[in-house]
Amino acid sequence: MTADSSNASGKSAPAGQAPSGQAPSGQAMWGGRFSAKPAELMQAINVSIGFDRRLAAQDLEGSRAHAAMLQKVGVITSADEAAIQKGLADIAAEMAEGTFPFREEFEDIHMNVEARLRELIGPVAGRLHTARSRNDQVALDFRMWVREACDRTIDQLKLLQAALVGKAEAHAATLMPGFTHMQTAQPVTFGHHLMAYVEMFGRDASRFADARARMNECPLGAAALAGSPFPIDRGMTAKALRFDRPTANSLDTVADRDFALESLAAATICAVHLSRLAEEIVIWMTPQFGFIRLSDAFTTGSSIMPQKKNPDAAELVRAKAGRLLAAFTQLTVVMKGLPMTYSKDMQEDKVPTFEAFDALELSLGAMAGMVGDLEPDVGRMAAAAGAGFSTATDLADWLVRTLDLPFRDAHHITGAAVKRAEQLGCDLPGLPLAELQALEPRIDRGVYDVLTPAASAASRKSYGGTAPDQVRTQIQRWKESLA
């Protein structure tokens, strides 16, 4: 997206000269200082209309607001503004109908719109670029696009959270093993496990909201880099375009891409969370775990092994985290060595940002679909919840609560009990009382009341714990929040 093409005046061009904002035939719009066309390779590397056409809606909206402001402060006449607004409306209609002529000869979306406007309304189109530059124009368009992408992402995160909350509510008491180091740790509930991701995605939504709040300052009026000599009303355009205020420093305005970097950072963290959930779905789908089933809607088959049902949707979501991290890294590297203010390097900001949000929106939709689709194997999960001596901590806690042992002593006794159960080939609930009393004579039959997975989970009643009542409390809190 080429920059530095601000128009110095709103007046009509003298006879024999090209109208304001337009170049003689065969030259680029910025070509008054040039006597020859760019080389073909220069044109190829310079043109951005192939991707920045995605900013068309934002470019038109910004232009409408700019024209209205110019008329109000007296820089252009009411008649000129009316003609410009009519032309911009016609262009919007052409874009909606798919008939707008996007042309590489005009390099970017801004020049394509301006060139088409001139074809529709004549030389008065050149007055639209008064008091602005492509530098603040692209900063505006791109910032508006990223702002809208953040809004869409927040909405999608809420849909995913709602799907998780719904599934968690149905399984608030469904037992499953909790893991650390991918080793069985303690029994938890499936609902509690799903609600962990609701918390993660809630933080993601708050990061996008924070980024959106910081980016909600209007760049229009910074012009090329130093501001404008015209009596513009930046507050008017900011309000018209739903910004909180204008940006406060014209140099920073055209040089800044923090809004894109911060949004990509939030997107990358969100993609990591999606990848973690996708990984668990992949693991849970294996015959070795067999914790969940996905329907045909979110699985595929094998070209050679007819028995296969592959969780490809989850695997693809898992993979897309790399694309988002790459986009964030790419833009960070582009920006890291740039002096003030605008450099053409910054044209490379859009493709990674567009692609990153495309991937994120697709991933969020796919994950919400999978969460709604998956069904747990309750029996398989419950059996696994009691394996691997998962209630060992409950034994240690019982020794502390009932016999008033120091926790470290209780930990040692419990470790010895696990070792003895391994030797006898049983689990802790199956370890004979005599074996437990050989380790601590005061242990009585009451200990067996805490050694089942259900009792273990039910005992974790601390705020945020896995006890079903606690899980339901958090489910209700999130249902109210998402509503």
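Source: prediction; values computed, not measured.

**Focus: the overall build of the chain**
A count of helices and strands for the chain gives 18 helices and six strands. The C-alpha radius of gyration computed for the chain amounts to 31 Å, which surpasses the reference 23 Å derived for 483 residues by more than 25%, pointing to a less compact arrangement than a globule. Along the first, second and third principal axes, the C-alpha set of the chain runs to 110 × 55 × 40 Å. Across the 483 residues of the chain, 50% fall into the buried class.

**Topic: the nonpolar core**
Of all hydrophobic cores here, the largest spans 91 residues; its most connected members are Leu-160, Leu-164, Phe-208, Leu-274, Ile-281, Ile-292 and Met-367. Among the elements that make up this core, the one with the highest residue count is helix α10 (residues 258–285) (16 residues). With residues near it in sequence (within four places) discarded, Phe-208 still touches Cys-150, Thr-153, Ile-154, Leu-157, Ser-263, Ala-266, Ala-267, Cys-270, Phe-357 and Leu-360.

**Focus: the pattern of salt bridges**
Within this structure, the stated rule accounts for 28 salt bridges. As a salt-bridge pair, Glu-199 and Arg-477 come within 2.6 Å of each other at their nearest N and O atoms. Separated by 278 residues along the polypeptide, Glu-199 in helix α7 (residues 190–215) and Arg-477 in helix α18 (residues 468–482) bring together distant segments of the chain. Residue Arg-207 pairs with Asp-204 through a salt bridge whose shortest N-O separation is 3.0 Å. Separated by three residues within a single helix, Arg-207 and Asp-204 lie in helix α7, roughly one turn from each other. Owing to a relative accessible area of 27%, Arg-207 belongs among the partly exposed residues under this scheme. With a relative accessible area of 0%, Asp-204 lands in the buried category.

**Focus: the packing of aromatic side chains**
Per the stated rule, a full pass over the model turns up ten aromatic pairs. With a centroid separation of 6.1 Å and 80 degrees between ring planes, the pair formed by Trp-145 and Phe-357 is classed as edge-to-face. Placement of the pair is Trp-145 in helix α6 (residues 134–170) and Phe-357 in helix α12 (residues 350–373), with a sequence separation of 212 residues. Residue classification places Phe-357 among the buried residues on the basis of a relative accessible area of 0%. Here Phe-179 and Phe-289 contribute two aromatic rings whose centre-to-centre distance is 6.1 Å and whose plane-to-plane angle is 55 degrees, an arrangement assigned as tilted. Of this pair, Phe-179 sits in strand β1 (residues 175–180) while Phe-289 sits in the loop between α10 and β5 (292–293), placing them 110 residues apart in sequence. Taken together, the aromatic side chains of Phe-142, Trp-145, Phe-208, Phe-259, Phe-354 and Phe-357 make up a single cluster linked through ring pairs. Above the face of the Phe-354 ring, Arg-54 is positioned so that its terminal group lies 4.8 Å from the ring centre.

**Some thoughts on the pairing of strand β2 (residues 183–189)**
Where β1 and β2 come together, five bridges link them in antiparallel fashion. Bridge pairing in β2 places Thr-180 opposite Gln-183. In sequence, β1 turns back onto β2 through a hairpin of two residues, with His-181 there showing a positive phi of about 60 degrees.

**Notes on the confidence of the model for the chain**
This prediction gives the chain a mean pLDDT of 92; 93% of its residues lie at or above 70. Throughout residues 1–22 the model reports pLDDT below 50, and contacts reaching past four residues in sequence, or to other chains, amount to 63 contacts.

**Examining the environment of Asp-204**
Along the sequence, Asp-204 and His-273 sit 69 residues apart, while their C-alpha atoms lie 8.8 Å from each other. Those residues in contact with Asp-204, other than ones at most four positions away along the chain, are Leu-157, Ile-269, Cys-270 and His-273.

**Let's talk about the packing of α10 against α12**
Here α10 crosses α12 at 30 degrees, and the two axes come no closer than 10 Å. Remark: the crossing between α10 and α12 carries left-handed chirality. Seen from α10, the contacting residues are Ala-260, Ser-263, Leu-264, Ala-267, Cys-270, Ala-271, Leu-274, Leu-277, Ala-278 and Ile-281; seen from α12, they are Pro-352, Thr-353, Ala-356, Phe-357, Leu-360, Ser-363, Leu-364, Met-367, Met-370 and Val-371. Among the residues forming the contact of α10 with α12, the class breakdown is 17 nonpolar, three polar and no charged.

Rules of the game
- Residues numbered from 1 in each chain as written.
- Predicted model: local features only at pLDDT ≥ 70, side-chain atom pairs only at ≥ 80, totals over all residues.
- Heavy atoms only, no water.
- Helix = DSSP H or I, 4+ residues; strand = E, 2+ residues; numbered from the N terminus.
- Rg over C-alpha atoms; globule rule 2.2 N^0.38 Å.
- Buried < 20%, exposed > 50% of the residue type's maximum accessible area, 1.4 Å probe, protein only.
- Core = buried A, V, L, I, M, F, W, Y, C linked by side-chain atoms within 4.5 Å.
- Contact = heavy atoms within 4.5 Å.
- Salt bridge = Lys/Arg side-chain N within 4 Å of Asp/Glu carboxyl O.
- Phe/Tyr/Trp six-rings, centres within 6.5 Å; stacked < 30°, edge-to-face > 60°.
- Lys NZ or Arg CZ within 6 Å of the ring centre and 35° of its normal.
- Pairing = 2+ DSSP bridges.
- pLDDT = per-residue confidence, 0-100.
- Axes fitted to C-alpha atoms, helices over the stretch in contact; angles between N-to-C directions.
- Left-handed = near helix turned anticlockwise from the far one by under 90°.
- Nonpolar A, V, L, I, M, F, W, Y, C, P; charged D, E, K, R; others polar.

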